[in-house]
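Each chain, letter by letter, is given below.
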Amino acid sequence: MAAPIVLLYGLLALGAMWFVRRQSKHRNAHHVMRNIPGPPSRSWMKGNVMQFFTRHGQEFQRDVALNYGSVVRLEGPLGRKILYVADPKALHTIIIKEEHVFEEPEPFLVSNNLIFGECLIGSLGDIHKRQRKMLTPVFSVNHMRHMLPVFNTVVFKLREVVLAKVREGEKEIDVLEWTGRVALELIGQGGLGYSFDPLDSEKEARNEYGDAIKSLLPAMMNIEQLRQLTPHLVKMGPRWFRRLAVDLFPNAHLQTVKHVSDTMSERSQNIFHEKKVALNNGDEAVLRQVGEGRDIMSILLRANTTASEQDKLPESEMIAQMSLLVFAATDTTSNTLARILQSLAEHSDVQSKLREELLHAGADTGDLSYDDLMKLPLLDAICRETLRLYPPVTILLRVPRKDSVLPLSEPVVGLDGSIIKDVPVPKGTEIIIGTLGSNVNKSLWGEDSLEWKPERWLSPLPRAVNDAPIPGVYSNLMTFLGGKRACIGFKFSEMEMKVVLAVMVSNFTFELTEKEIGWNVALVWYPTVGKDDDRPQLPLKVRLYKP
Ligand code: HEM
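Keep in mind that this is a model prediction, so the values were computed, not measured.

Undergrad: Help me understand the overall build of the protein in this model?
TA: From N to C terminus, the protein includes 23 helices and 12 strands. Relative to the compact-globule value of 24 Å for 547 residues, the protein shows a C-alpha radius of gyration of 25 Å, a close match. By its C-alpha atoms, the protein is 95 × 55 × 45 Å across when sized along the principal axes. With 547 residues in all, the protein has 53% of them scored as buried. For the protein, the proportion of contacts with a sequence separation of at least 24, taken over those separated by at least 6, is 74%. Surface accessibility of the protein: about 25400 Å² in total, with carbon and sulfur atoms responsible for 57%. Charge separation in the protein, taken as the distance between the mean sites of 66 positive and 66 negative side-chain charges, equals 6 Å.

What follows is the structure, encoded as structure tokens:
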């Protein structure tokens, strides 16, 4: 009789010890979080984190990135603590070492699945792995080489559009309008083998699919609160009931998102089925298609037919990736290109040197090979420096699915003066990936980290940068993220920027106008004239270059 009682007491004691240790671990974790420095918050109810996400959040984001150390505490509503992480070792833990623990927030995944279908930015674990396995090879350098002629054809048409405007005497041109048009057409032809816009110099073609994709981002920003509820809403009743509820919900932005999602799905399905038919009809039919079968979806379709059963993607997943690719490729690259042109207009000496490099190499003719174009040193340095200083995607969130610890490369001095070398993060803590904080970290990049200096890429980078375990997939930068969920299209984007710049900068000159340009925080940053205008635009004085 005594033995079971001893055993029972023993188990109870162990349970109590486990509970006490767990509680003290959590108390310690919350103490460390509270002790991490961060910007002041005037309201316990609202916190200060919304300042990071609002349209005019540029100054706040810079303050967070530069002034409190490589890990920063932000305040969410009702006293919730949020961590901004720019420390290289901590980022390495989140993005690489414990990638399976630090996942995207559930509302992000669920709502992406609703909008696009089961695609890369809506899946986790094995499904994401299988999708990546099929898609990654399609973005290889080898395929980029084959795609270059398609890119050149599109960009030379763009040159004609801009030339017509300049000849008409339209000296001030909204360069964002044409970087947007060319980005959409390049992902159309290079990504889907489909033309959105023939880039006619007379008029801008309207395309329902293209328009739908362009209106998605602003509409999504407007239903952010509803988006947070999607993990619960998708569990309510059968599919037909949820669809009816969405149809009847009186919110214009939600109706826009629904319309965009339906249009994308329908158009992607049509294009996909046309491709399948052409593929079944043999090489000649494929060659007659836009992109002549060299586009990403044609390559993927061929690879999928020969893949093993376990690797194969179902058709619904292939179709979902099509809409995602167009969405992910367009605003990111077009806004970055606009930023590069603005920087070149601000630094006319660098613009002249770039033009010299391009003309000397014959890059204006479209005859340069992929490898020679990629190797042009100043062109490369300008792209890298702009992507470093102005990452267009700074709203990147992760949430640990279990308790974890983030070791730091650089200890942080706590508010009470103690030295913090590791940050315990309880399950569910919201984490903002400090893209800008890492890209402009002064202890890595030097005191001039906030200056746009392409020449820093023309000599070896500081040793501190090379030695730091920054987990970025591209050039020690966090701009395209890293690890298993890094941007899959960064080589596509790099080639696009370089082809556009090679042709446009060798043919035209770019100068600032009197108008003040403001950059706005959103899922992808965008420019406007002044601070409060709603229309994304970037006017520059564009003239024909005369040697
Ligand atoms: C300057 C241009 C670009 C930037 C800065 C950029 C940045 C990023 C970032 C930061 C992510 C990670 C998002 C997250 O985890 O939440 C991402 C993912 C992604 N990007 Fe890009 N991107 C660019 C261009 C492109 C292009 C041109 C394409 C397609 C051709 C593309 C396709 C994708 C896809 C499919 C993903 C999801 C990857 C996954 O979850 O496995 N991106 N991009």
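Now that the structure is up, let's keep going.
Undergrad: What is the right way to look at the nonpolar core in this model?
TA: Side chains that are nonpolar tend, in soluble globular proteins, to be buried together. If you look at the biggest cluster of nonpolar residues, it comprises 157 residues, and the most contacted ones within it are Leu-74, Leu-83, Tyr-84, Trp-178, Leu-406, Val-423 and Phe-510. At 15 residues, helix H16 (residues 315-346) tops the list of elements feeding residues into this core. Each of domain 1 (2-116 + 397-433) and domain 2 (131-393 + 475-544) accounts for three or more of the residues forming this core. Ignoring any residue separated from it by four or fewer positions in sequence, one finds Val-423 in contact with Val-32, Ile-36, Val-71, Leu-83, Ser-404, Val-405, Leu-406 and Leu-408.

Undergrad: Sorry, what's going on with the sheet that holds strand E2 (residues 81-85) here?
TA: Across the sheet, which stays open at both edges, the 5 strands sit in the order E1-E2-E8-E5-E3 with mixed pairing between neighbours. Every other strand in the sheet has two partners, leaving strand E1 (71-75) and strand E3 (102-103) as the edge strands with one partner each. Each of E2, E3, strand E5 (397-400) and strand E8 (430-433) is contacted by helix H4 (residues 88-97), which is oriented at about 110° to E8, the strand it contacts most.

Undergrad: Even after reading the chapter, I still don't get the packing of aromatic side chains, so can you show me in this structure?
TA: Each aromatic ring pair is specified by the distance between its two centres and by the angle formed by the two planes. What the rule picks out here adds up to 10 aromatic pairs. Ring pairing ties together the aromatic residues Phe-52, Phe-53 and Tyr-84, which thus form one cluster. In this arrangement the basic side chain of Arg-339 is found over the ring face of Tyr-390, its NZ or CZ atom lying 3.8 Å from the centre. For Arg-355, the ring lying beneath its charged end belongs to Tyr-545, and the centroid distance is 4.9 Å.

Undergrad: Is there a simple way to explain the UniProt feature "binding site: heme" (unreviewed entry) in the protein in this structure?
TA: When the UniProt feature table is mapped onto this chain numbering, "binding site: heme" (unreviewed entry) sits at Cys-487. Locating Cys-487 in the fold gives a position in the loop between helix H22 (463-467) and helix H23 (490-507).

Undergrad: Whenever I open this one, the layout of surface pockets confuses me. Can you help?
TA: The gaps of empty space that remain are located by a probe, the size of a water molecule, rolled over the atoms. Its volume calculated, the second largest pocket comes out at about 1100 Å³. Around the second largest pocket sit 34 residues that line it, and Leu-114, Ile-115, Arg-242, Arg-243 and Val-246 are the ones nearest its centre. Of all elements in the fold, only helix H5 (106-116), helix H10 (224-228), helix H11 (230-233), helix H12 (239-248), helix H13 (252-280) and H16 reach the threshold of two or more residues within the lining of the second largest pocket. Here the residues of the lining of the second largest pocket sort into 17 nonpolar, 9 polar and 8 charged. The residues that make up the lining of the second largest pocket include at least three from each of domain 1 (2-116 + 397-433) and domain 2 (131-393 + 475-544).

Undergrad: What exactly am I supposed to notice about helix H6 (residues 125-135) here?
TA: For an α-helix, the turn length of 3.6 residues means that residues three or four places apart are oriented alike. Turning to H6, its buried residues are His-128, Gln-131, Arg-132, Met-134 and Leu-135. Taken down its axis, H6 places every buried residue within 165° of arc, on the same side. Turned more than 90 degrees away from the buried face of H6, the exposed residues are Asp-126, Lys-129 and Lys-133.

Undergrad: Would you take a moment to explain the pairing of strand E6 (residues 404-413) for this structure?
TA: Consecutive side chains along a regular strand alternate between the two faces of the sheet. As defined by bridge partners, E6 adjoins strand E7 (residues 419-425) across 6 bridges and the pair is classed as antiparallel. Residue pairing across strands places Val-412 opposite Ile-420, the latter belonging to E7. Counted between consecutive antiparallel strands, the loop separating E6 from E7 contains 5 residues, among which Gly-417 sits at a positive phi close to 90°.

Undergrad: Teacher, can you tell me more about the site of the ligand here?
TA: Around the ligand lies a shell of 28 residues, among which His-128, Arg-132, Arg-398, Phe-480 and Cys-487 are the nearest. Note that an oxygen atom of the ligand is positioned 3.3 Å from one of the side-chain N or O atoms of Glu-104. At 2.7 Å from an oxygen atom of the ligand is found a side-chain nitrogen or oxygen belonging to Arg-132. Where the shell around the ligand is concerned, the elements lending two or more residues are H6, H16 and H23. It is H16 that contributes the most residues to the shell around the ligand, 7 residues altogether.

Scoring rules and cut-offs
- Residues numbered from 1 in each chain as written.
- Predicted model: local features only at pLDDT ≥ 70, side-chain atom pairs only at ≥ 80, totals over all residues.
- Heavy atoms only, no water.
- Helix = DSSP H or I, 4+ residues; strand = E, 2+ residues; numbered from the N terminus.
- Rg over C-alpha atoms; globule rule 2.2 N^0.38 Å.
- Buried < 20%, exposed > 50% of the residue type's maximum accessible area, 1.4 Å probe, protein only.
- Contact = heavy atoms within 4.5 Å.
- Areas by Shrake-Rupley, 256 points an atom, 1.4 Å probe, with all protein chains shown as cover.
- Lys, Arg positive; Asp, Glu negative; His and termini not counted.
- Charge placed at Lys NZ, Arg CZ, Asp CG, Glu CD.
- Core = buried A, V, L, I, M, F, W, Y, C linked by side-chain atoms within 4.5 Å.
- Domains from an automatic or database assignment.
- Pairing = 2+ DSSP bridges.
- Axes fitted to C-alpha atoms, helices over the stretch in contact; angles between N-to-C directions.
- Phe/Tyr/Trp six-rings, centres within 6.5 Å; stacked < 30°, edge-to-face > 60°.
- Lys NZ or Arg CZ within 6 Å of the ring centre and 35° of its normal.
- UniProt positions renumbered as here; feature names shortened; annotations may be inferred.
- 1 Å grid on protein atoms, 1.4 Å probe; cavity = no way out; pocket = protein on both sides within 12 Å on 5 of 7 lines; lining within 4 Å.
- Points joined across faces, edges and corners; volume = space filled by probe spheres on them.
- Nonpolar A, V, L, I, M, F, W, Y, C, P; charged D, E, K, R; others polar.
- Arc of directions from axis to C-beta.
- Near = heavy atom within 4 Å.
- Polar contact = N/O pair within 3.5 Å; in protein donor to acceptor, adjacent residues only side chain to side chain.

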